[in-house]
Amino acid sequence: MLTLHWDVTAPEAALAVLRCQRLADAGRRVAFSGVDVLGVEVALPVTLDQLAGLEAVAGRCATLGLELRRPARRVPTLPAHLVGSLADAADLGAAWRLAALRAYWTDGEDVGDADVLVDLAAGVGLDPFRVRDLLADPAAVSDLRGRHLALRRKGVGGVPVLEVDGTLLPADVDDDVLASLAAL
């Protein structure tokens, strides 16, 4: 199975999510693993790598239906990935990923803010009370942080990263290679 490790605030990861979701929608076996790559709890200024990535992939993202605009800040994403795990379990992962990406890249929302996340989650069909409880659960936050640290130890540093049978690969492969990886 092909797994895409991604983060909301990485423009190249947004493109990879869109590309891999097309494969998943076509019936290919693709899993999505959200990773808070910075691991910070406060918003930071927009980073140079974000700006360079934005310039590099904005056109391709627009072609696939996602308008990327310059973000105001780089926000913590662990809470968004926590909601993402709930969305995946409810078979709403695709809708959640797109909602989170649009909120951050198109609408300029703070996807690290609990109120924003609850509204987004309700918009894709998740129970807002359950989402709020999950975001306030220190054990759930700690567990996800531990899983992200384990991925970093495994070699997932920056994103996007593809994983096939434990082998990590760059995600900037052409469409034919990506499709063949999803067929394994």
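By convention here, each chain's residues receive numbers from 1 onward along its written sequence. Reporting of local features is limited, given that this is a predicted model, to residues whose pLDDT is at least 70; pairs of side-chain atoms are given and counted only at 80 or more, and all residues count toward the totals for whole chains, interfaces and linings. Only hydrogens and water are set aside when side-chain values are computed; all heavy atoms of the structure are taken into account.

Visitor: Talk me through the overall build of the protein; I want residue IDs and the actual numbers.
Guide: Only DSSP runs of H or I covering at least 4 residues are called helices, and only runs of E covering at least 2 are called strands; the numbering of each starts at the N terminus. Looking only at helices and strands, the protein has 8 helices and 4 strands in total. If you list the helices and strands of the protein from N to C, you get β-α-β-α-α-α-α-α-α-β-β-α. Atoms counted for the radius of gyration: C-alpha only. Globule rule: 2.2 Å times the number of residues to the power 0.38. Computed over C-alpha atoms, the radius of gyration of the protein comes to 15 Å, within 12% of the 16 Å expected from 2.2 N^0.38 for 184 residues, which places it in the range of a compact globule. Viewed in the frame of its principal axes, the protein has a C-alpha envelope of about 40 × 30 × 30 Å. We call a residue buried when its accessible area falls under 20% of the maximum for its residue type, exposed when it is over 50%, and partly exposed in between, using a 1.4 Å probe and counting protein chains only. The buried share of the protein, taken over its 184 residues, is 46%.

Visitor: Explain the environment of Leu134 residue by residue, including any values.
Guide: Here Leu134 lies in helix α6 (residues 128-135). For Leu134, a relative accessible area of 18% translates into the label buried. Among residues more than four places away in sequence, those in contact with Leu134 are Leu82, Leu86 and Ala140. Should any heavy atoms of two residues lie within 4.5 Å, those residues are considered in contact.

Visitor: An account of the layout of surface pockets is requested, with residue identities and associated values reported.
Guide: A cavity here means a set of points on a 1 Å grid, drawn over the protein atoms and nothing else, where a 1.4 Å probe fits but cannot get out; a pocket is an open set with protein on both sides within 12 Å along at least five of seven lines, and a residue lines either one if it has an atom within 4 Å of a point. Grid points are joined across faces, edges and corners, and a volume is the space filled by probe spheres set on the points. Approximately 230 Å³ is the volume found for the largest pocket. If you list the elements that add at least two residues to the lining of the largest pocket, you get β2 (30-34), α3 (78-89), α4 (93-106) and α7 (138-154). When residues in the lining of the second largest pocket are grouped by element, the largest group, 3 residues, is from α3. Basically, the charged four are Asp, Glu, Lys and Arg, the nonpolar ten are Ala, Val, Leu, Ile, Met, Phe, Trp, Tyr, Cys and Pro, and anything else, Gly included, counts as polar. Per-class residue counts for the lining of the second largest pocket are 7 nonpolar, 2 polar and 3 charged.

Visitor: Please set out the packing of helix α1 (residues 11-25) against α4 residue by residue, giving values where relevant.
Guide: An axis is simply a line fitted to the C-alpha atoms; with a helix, the fit covers only the stretch in contact. Between two such axes, the angle follows the N-to-C directions and lies from 0 to 180 degrees. Where α1 meets α4, the axes come as close as 11 Å, and the angle between the chain directions of the two elements is 150°. Relative to α4, the element α1 lies roughly antiparallel. Note that α1 runs across α4; the crossing there is left-handed. Touching Pro11, Ala14, Val17, Leu18 and Gln21 of α1 are Ala94, Arg97, Leu98, Leu101 and Trp105, all from α4. Looking at the contact of α1 with α4 residue by residue, the class counts come to 8 nonpolar, 1 polar and 1 charged. Just so you know how the angles are binned, under 35 degrees is roughly parallel, over 145 roughly antiparallel, 65 to 115 roughly perpendicular, and the rest oblique. Crossing chirality is assigned from the near helix's rotation relative to the far helix, an anticlockwise turn below a right angle marking it left-handed and a clockwise turn marking it right-handed.

Visitor: Could you give an account of the sheet that holds strand β4 (residues 167-170), with specific residues and numbers?
Guide: Read across the sheet, 4 strands follow the order β2-β1-β3-β4 without closing on themselves; strand pairing throughout is mixed. One side of each edge strand has no neighbouring strand; the edge strands of this open sheet are β2 and β4. Pairwise comparison of adjacent strand axes, ignoring direction, gives a mean angle of 30° for this sheet. For two strands to pair, DSSP has to find at least two bridges joining them. Note: strand β3 (residues 161-164) against β4, 4 bridges, orientation antiparallel.

Visitor: Before we move on, could you go through helix α8 (residues 175-182) and cite the residues and values that matter?
Guide: Looking at α8, one finds that the buried residues are Leu178, Ala179, Leu181 and Ala182. Projected down its long axis, α8 carries its buried residues within an arc of 160°, all on one side. For α8, the elements touching its buried residues are β1 (2-6), α1, β2, β3 and β4. For this analysis, a polar contact is any N or O atom pair within 3.5 Å, provided that within protein one partner can donate a hydrogen and the other can accept it, and provided that sequence-adjacent residues contribute only side-chain to side-chain pairs. For α8, the capping residue at the N-terminal end is Asp174, with a side-chain oxygen 3.0 Å from the backbone nitrogen of Asp176. Starting at the helix axis, one direction is taken to each C-beta atom, and the arc is that of these directions.

Visitor: Describe the pairing of β1, naming the residues involved and giving the relevant values.
Guide: Summarising burial for β1: 5 of the 5 residues are buried, a large majority. Side-chain alternation along β1 places Leu2, Leu4 and Trp6 on one buried face and Thr3 and His5 on a second face that is also buried. Pairing analysis gives 5 bridges linking β1 to β2, with the strands arranged parallel. Following the sheet pairing, Thr3 is matched in β2 by Ala31.

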